[in-house]
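Summary of structural features
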Amino acid sequence: MPRPEARFESVEAAGEKLASLDYIADDGLATGLFLAVEMGKPLFLEGEPGVGKTEVAKVLARAFDTPLIRLQCYEGLDINHAVYEWNYPRQLLAIQARSTGSQGGSRTGSDNPTQDIFTEEFLLKRPLLQAIDRSHDSAPILLIDELDRADEEFESFLLELLSDFQVTIPEIGTLQAEHRPIIIITSNRTREIHDALKRRCVYHWIDYPSIEKELEIVRRKVPGLEDELSREIVAFVQRLRDQDLYKLPGVAETLDWAAALGHLDAVRLDPEVVVSTLGLLLKYQDDVDKLKVEAPSILKEAIG
Amino acid sequence: MASPFLANLLLFGRTLRRAGFPVSHSQTLDLARALELVDIGDREQVFHAARGFLVSRREELALFALLFDRFWRKHSIGDSAPGRKAPPAPRHDPEAIQRFRDVSYLSARAGAGDTEIELRDRSQTYSDDEVFQHKDFSRMSAEELAELRRLILEMRWRASLRRTRRWSEDRGGSRVYLRRMLRDAAKHGGAPLHLARRSPKTKRRPVVLLADVSGSMEKYARIILQFFYGALHGLGAGDVECFVFGTRLTRITSSLRIRNVDRALEDAAGEILDWSGGTRIGESLGIFNRHWARRVLRRGAVVVIVSDGWERGDVADLGREIRHLHHRCHRLIWLNPHVGRPGYEPLVEGMVAALPYIDDFLPIHNLQSLRALADALASLPSRKSIRRLPAAR
């Protein structure tokens, strides 16, 4: 047994476990997650921003009580920031210390001050190397977040890593994972990720949740909110997703908004409070301007 | 696992491939393994497992659900249902066929009068000819258009450079390259003999081309597509996106990628329903802003819009969308075939609404203007402009 504890009994068990940690997954996600863990494949999550892609990895780490290692992708991400880098300042200091030490006369050990500066002591382990590090006693969760932001070059490197879970450092040798990490990859689809990479993964598109699921999420994540208010919030947001907006509100926005309304001690939604808090739901000024006019009628449709 | 089941699975994989899904055998085998793990009596679980392994794009989800449903309805409960051999692929969709007919007619019309004559031997005279350089596209004869086409293909396109966030070694670089220095130093017993330097790498900017192909622009449409085709291949296919619009927006990047000009133009015409419809520039740009902008306006993209600004929709919409677009690209270039005409002033309502947000307002009516555009694209300033340039004459 490579991973004795880090697995789910069944698809249903996966869904229930996540729910017990307040993550409401749809059946497709529960199935995908179960299979990804069971078969040792990465889970590739795509979806609009704010639907809870990153959250899956966080919840999974809690479910398995295992460390979460996160690699946030960005433009220009390279091997030195994703895998490892030598600690140059420390290396320089070490060289200097040794050479001044040897000038002082007390020659201990080697004459070569650069000996042993390419050892693990001087190695900065970046997320991907951390993930295959042998110090873990169970499989960690490796979250590769927003892969679409990294350059294409990085993808091909990732493809290599995913096939054998080992990293070769010329000065040290090949490091191999003892416990293969459970990998979650997310993408906001600002560009298409290469098919070769996707095919190695279990793919799941996270959609906006249904009205019932979203209500359940609000209830769990923003406790203490009047039930009627939660219903209205979710009904309004769901309506909003049918509107012609530059960016539709995700679940994250619903939760922010619900929390804000909770702080404002709102009991029911009314046009005034909606308009004054639109900034929490909509991320573009153009959308806010548009909704300032239309919100009252949308609200009316949503809550009758 | 029961072997009829596996056979069905392979058959299903084949069905998907026929419908255009890029399903590999290894994916099918992965799924076979996965199905041993889930509850095979639970249709939902089987569906979700199959989707997780066989689908890798959002666009494929709906079609997959349909195919899955049909296939397993037919194959699971015996073979009693006398189904068709395979579910129809999207290309057999009658609506699509009708659309194809519409456009083949329209493209034939747009192409009428274009006789295919190669004029290689006379090219020298044409390309040097001042009159030809400055002749308005709309007044060219078929022969001249053919020559123009060849010259457009020969033009060299280069997008200007932008700094990336990656570094590479560069002797004249401004920063010290510690990584290289330490490697070197290790060879010389720790003495850093050589001061390595680095500088940021540069890359070409992505370019997004959007052309109006509606009624008032019809006579320029083919030449514009020709220009798109040339630019697409000249700039390197990965970094150019092409769209056309009239009453709606169509992405034609993939059809223009096909290597042969005529085929590409034919195909592009096949995707455009709008040759000579009315223009809804604001609405089309709105669709671009909502559905494409986040995906194609990456990394300091340059946007080029070709239109005369005749807007049939709401001019206020156009103003809003162009402002949104302006804020999200590195530079917004608007090409208008009338700009080069003596005495032209941008008085059309749509043009007036758009002008405040345009960085460069340039002509596109003759070969010379196209060359000027190529130069402009290759030498854009690296900073985003705050203030728009004065409109070109």
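You'll find the structure just up there.
Attention here is on the structure that accompanies the text. Quick caveat: nothing in here was measured; it's all calculated off a predicted structure. Residue indices follow the written sequence of each chain, beginning from 1 at its first position. As a convention, the first chain written is A and the first ligand written is 1, with the rest following in written order. Per-residue local features are limited, in this predicted model, to residues with pLDDT of at least 70; the limit for side-chain atom pairs, both in listing and counting, is 80 or more; totals at the level of whole chains, interfaces and linings are taken over all residues. Excluded from the side-chain calculations are hydrogens and water; all other atoms, namely the structure's heavy atoms, are used.

Some details on the packing of aromatic side chains
Any pair of aromatic rings gets described here by the distance separating the centres and the angle formed by the planes. Here a Phe, Tyr or Trp ring, Trp counted by its six-membered ring, pairs with any other such ring whose centre lies within 6.5 Å, and the pair is stacked when the planes are under 30 degrees apart, edge-to-face when over 60, and tilted otherwise. Summed over the entire model, instances satisfying the criterion amount to 20 aromatic pairs over all chains. Ring plane angle 35° and centroid distance 6.3 Å describe the contact between F154 of chain A and F157 of chain A, whose orientation is recorded as tilted. Of this pair, F154 of chain A and F157 of chain A both sit in helix α7 (residues 152-164), three residues apart, which is roughly one turn of the helix. Considered together, F154 of chain A and F157 of chain A belong to a single accessibility category, that of buried residues. Ring centres 5.1 Å apart and planes at 75° place the aromatic pair F71 of chain B and W72 of chain B in the edge-to-face group. For the residue pair F71 of chain B and W72 of chain B, the accessibility class agrees, reading buried in each case. In this structure an aromatic cluster arises from ring pairing among F12, F21, F47, F64, F68, F71 and W72 of chain B. Ring-over charges, as used throughout, are those where CZ of Arg or NZ of Lys falls within 6 Å of the ring centre and within 35 degrees of the ring normal. Positioned above the aromatic ring of W167 of chain B is the side chain of R198 of chain B, whose terminal nitrogen or guanidinium carbon lies 4.2 Å from the ring centre. One cation-aromatic arrangement involves R290 of chain B over Y246 of chain A; the distance from NZ or CZ to the ring centre is 4.4 Å. Helix and strand definitions follow DSSP, with helices as H or I runs of at least four residues and strands as E runs of at least two, each counted in order from the N terminus. Here the term buried applies to any residue with accessible area under 20% of the maximum for its type, exposed to any over 50%, and partly exposed to those in between, with areas from a 1.4 Å probe on protein chains only.

Some details on the interface of chain B and chain A
Taken together, the contacts link 46 residues of chain B with 56 residues of chain A. Regarding the contact of chain B and chain A, the summed buried area is about 4600 Å², with carbon and sulfur atoms giving 49% of it. With a shortest N-O distance of 2.9 Å, R323 of chain B and D286 of chain A are connected by a salt bridge. We call two N or O atoms a polar contact when they sit within 3.5 Å, provided that within protein one can donate a hydrogen and the other can accept it, with sequence-adjacent residues counted only if both atoms are side-chain atoms. Between the two partners, chain B and chain A, sit 20 residue pairs in polar contact (both at pLDDT 80 or more). Broken down by secondary-structure element, the contributors of at least two residues to the side of chain B that touches chain A are α2 (25-37), α3 (43-54), β1 (161-169), α9 (178-187), α13 (281-296) and α14 (315-327) of chain B. No other element matches α3 of chain B, which puts seven residues into the side of chain B that touches chain A. Here, residues are in contact when the closest pair of their heavy atoms is within 4.5 Å. Once two parts are joined, some of their accessible surface, as seen by a 1.4 Å probe, is lost; buried area is that loss totalled over both. Salt-bridge detection follows one rule: a side-chain nitrogen of Lys or Arg within 4 Å of a carboxyl oxygen of Asp or Glu.

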